[in-house]
Amino acid sequence: MIHLIEAIERYRVNRGLSGADLARLLGIDRSTWSKIKHEQKPPGGRFLSAVMREIPSLRFEVEEYMIRGPND
């Protein structure tokens, strides 16, 4: 999961988005993003679908996460 979260964070920082901006873009609560980012909550299907839809450049990372799981 770390690789996926790092990729999302790089995207956020490179585009000058706050955590709240990213959460809004993905249609999730800011607290949900914070829990996922700090590995307190695993990314669910809705989150992964939103990342693939809203940030298509990270499709590979999402697919890799879905294949390998959170521990790789």
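Just above, that's the structure.
One structure accompanies this document, and this report is about it.

Calculation notes
- Residues numbered from 1 in each chain as written.
- Predicted model: local features only at pLDDT ≥ 70, side-chain atom pairs only at ≥ 80, totals over all residues.
- Heavy atoms only, no water.
- Buried < 20%, exposed > 50% of the residue type's maximum accessible area, 1.4 Å probe, protein only.
- Helix = DSSP H or I, 4+ residues; strand = E, 2+ residues; numbered from the N terminus.
- Arc of directions from axis to C-beta.
- Contact = heavy atoms within 4.5 Å.
- Core = buried A, V, L, I, M, F, W, Y, C linked by side-chain atoms within 4.5 Å.
- Polar contact = N/O pair within 3.5 Å; in protein donor to acceptor, adjacent residues only side chain to side chain.
- Phe/Tyr/Trp six-rings, centres within 6.5 Å; stacked < 30°, edge-to-face > 60°.

## Some thoughts on helix H2 (residues 19-26)
Residues spaced three or four apart along an α-helix point in a common direction, a consequence of the helix completing one turn every 3.6 residues. All of the buried residues in H2 are Leu22, Ala23 and Leu26. Projected down its long axis, H2 carries its buried residues within an arc of 100°, all on one side. Tucked into the core, H2 has its buried residues touching helix H1 (2-14), helix H3 (30-37) and helix H4 (45-54). Gly27 lies just past H2 and shows a positive phi near 75°.

## With respect to the nonpolar core
By size, the foremost hydrophobic cluster in this structure holds 20 residues, and its most contacted members are Ile8, Leu26, Trp33, Phe47, Val51 and Leu58. Every element with two or more residues in this core is listed here: H1, H2, H3, H4 and helix H5 (59-68). Leave out the neighbours within four places in its chain, and Ile8 touches Leu22, Trp33, Phe47, Val51 and Leu58.

## Focus on the environment of Glu54
Along the chain, Glu54 turns up in helix H4. Since its relative accessible area comes to 31%, Glu54 is described here as partly exposed. When the C-alpha positions of Glu54 and Leu26 are compared, they lie 6.6 Å apart, and in sequence the two are 28 residues distant. Leave out the neighbours within four places in its chain, and Glu54 touches Tyr11, Leu25 and Leu26. There is a polar contact of 3.2 Å between the side chain of Glu54 and the side chain of Arg53.

## Focus on the packing of aromatic side chains
Per the counting criterion, the structure on display carries one aromatic pair. Seen in terms of ring centroids, Trp33 and Phe47 are 6.1 Å apart; in terms of plane orientation they differ by 15°. Their pairing is stacked. A residue pair is termed long-range when its members are at least 10 positions apart, and Trp33 in helix H3 and Phe47 in helix H4 qualify at 14 residues. Across this residue pair, the class does not change: Trp33 and Phe47 are buried.

## Description of unusual backbone geometry
Peptide bonds are, in most cases, trans, and in most cases residues other than glycine have a negative phi. Here Glu39, not a glycine, exhibits a phi torsion of approximately 55°, which is positive. Topologically, Glu39 is positioned in the loop between H3 and H4.

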